[in-house]
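Chain by chain, the residues:
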Amino acid sequence: MEILYEDNHIIAINKKVSDIVQADQTGDEPLSERVKAYIKEKYNKPGDVYLGIPHRVDRPVSGVVLFAKTSKALVRLNKMFQEHDQEITKIYWAIVGNLPEEDHAKLTHYMVRDAEKNKSYAYNKPKSGAKEAILEYKLLGCGQRYYLLEVKLCTGRHHQIRCQLAKIGCPIKGDLKYGFPRSNEGGGISLHARSITFTHPVKQEKITIVAPPPLNDTLWKFFYENLES
């Protein structure tokens, strides 16, 4: 478990592709339980350990996940995520198989979620029951067959990045649900929650937490090393 940031109030983990953030119907051990076990052991805490989950990252996605270690931090972070999303900047990296028409652009779509299929659909025009979805992307790197995009989320919709990039003909590598033709080894997709910037719920100072991508993956390593150099 890779800890990116920790203080008395919050802890941030670099989630692996296979991790689920909290318990679901699979019965697999969630990341939240592993974080609790770590806190219990490190601080020799008796009884149950408190851990709040203010935001989630989909199972097939890697990157920054933020947890609250106190109820006060959770209440404030929940409010920030739900009511003041503009105070939080979320940056993602996505590897796609097609070069987008523009090197950088702002995408606005109207998204409808199908809960039964656990999938969202993007439309170019307003539609009954749809929610506006906005993101900005820019091209960061080019390989022989794949391209690295940096994505800034302006709204928080179900599967937003996956759905909107697929809508412009750039499905994320490995994302069978949104039209990529082949799966990734291990079943994940090449989408990484690169960083999150927010106001600390107690200290009231700006914090940016950055997660390196999964460098055991050859393609992520290629793009990351090219950017670093």
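As a reminder, the structure under discussion sits directly above these lines.
Think of each chain on its own: its residues are numbered from 1, step by step along the sequence as written. For this predicted model, a pLDDT threshold of at least 70 governs which residues receive local features, and a threshold of 80 or more governs which side-chain atom pairs are given and counted, while totals over whole chains, interfaces and linings are taken from all residues. Each side-chain value is derived from all of the structure's non-hydrogen atoms; neither hydrogens nor water enter the calculation.

## Thoughts on the overall build of the chain
Logical step 1: Within the chain, the secondary structure is distributed over four helices and ten strands.
Logical step 2: Helices and strands appear in the chain in the N-to-C order β-β-α-β-α-β-β-β-β-β-α-β-β-α.
Logical step 3: Put simply, the radius of gyration uses C-alpha atoms, and a globule should come to 2.2 Å times the residue count raised to 0.38. The C-alpha radius of gyration of the chain comes to 18 Å, within 12% of the 17 Å expected for a compact globule of 229 residues.
Logical step 4: Remark: exposure states derive from per-residue accessible area (1.4 Å probe, protein chains only) relative to the maximum for the residue type, with buried under 20%, exposed over 50%, and partly exposed in between. The buried share of the chain, reckoned over its 229 residues, is 46%.
Logical step 5: The contact rule is simple, with two residues in contact once any of their heavy atoms fall within 4.5 Å. Summarising the internal contacts of the chain: among those between residues at least 6 apart in sequence, 61% fall at separations of at least 24.
Logical step 6: Here the open area of atoms and residues is found with the Shrake-Rupley method and a 1.4 Å probe, where only the protein chains shown may cover a residue. Accessible surface for the chain amounts to roughly 12200 Å². Of this, 45% is attributable to carbon and sulfur atoms. A run of H or I in DSSP becomes a helix once it reaches four residues, and a run of E becomes a strand once it reaches two; helices and strands are each numbered from the N terminus.

## Re the side chain of Gln-160
Logical step 1: Along the polypeptide, Gln-160 turns up in helix H3 (residues 160-167).
Logical step 2: On the basis of relative accessible area, Gln-160 is assigned to the buried category, the value being 2%.
Logical step 3: Definition of a polar contact: a pair of N or O atoms within 3.5 Å, with one able to donate and the other able to accept a hydrogen when the atoms are protein atoms, and with sequence-neighbouring residues admitted only if both atoms are side-chain atoms. In terms of polar contacts, Gln-160 uses its side chain to reach the backbone amide nitrogen of Arg-157, at 3.1 Å.
Logical step 4: With residues near it in sequence (within four places) discarded, Gln-160 still touches Met-111, Ala-133, Ile-134, Leu-135, Leu-153 and Thr-155.

## A word on the nonpolar core
Logical step 1: Among buried residues, those of type Ala, Val, Leu, Ile, Met, Phe, Trp, Tyr and Cys that are joined through side-chain atoms within 4.5 Å constitute a nonpolar core. In this structure, Val-35, Phe-67, Tyr-92, Ile-161, Leu-165, Ile-172 and Leu-191 are the most contacted members of the largest nonpolar core, which totals 32 residues.
Logical step 2: Once residues lying within four places of it in the same chain are set aside, the contact partners of Ile-161 are Tyr-92, Leu-135, Val-151, Leu-153, Ile-172 and Leu-191.
Logical step 3: In this structure, Ala-12, Ala-68, Leu-77 and Ile-88 belong to the second largest nonpolar core, which totals 16 residues.

## Re the environment of Cys-170
Logical step 1: Structurally, Cys-170 can be placed in the loop between H3 and strand S9 (191-199).
Logical step 2: A C-alpha to C-alpha distance of 9.9 Å links Cys-170 and Ala-94, two positions 76 residues apart in sequence.

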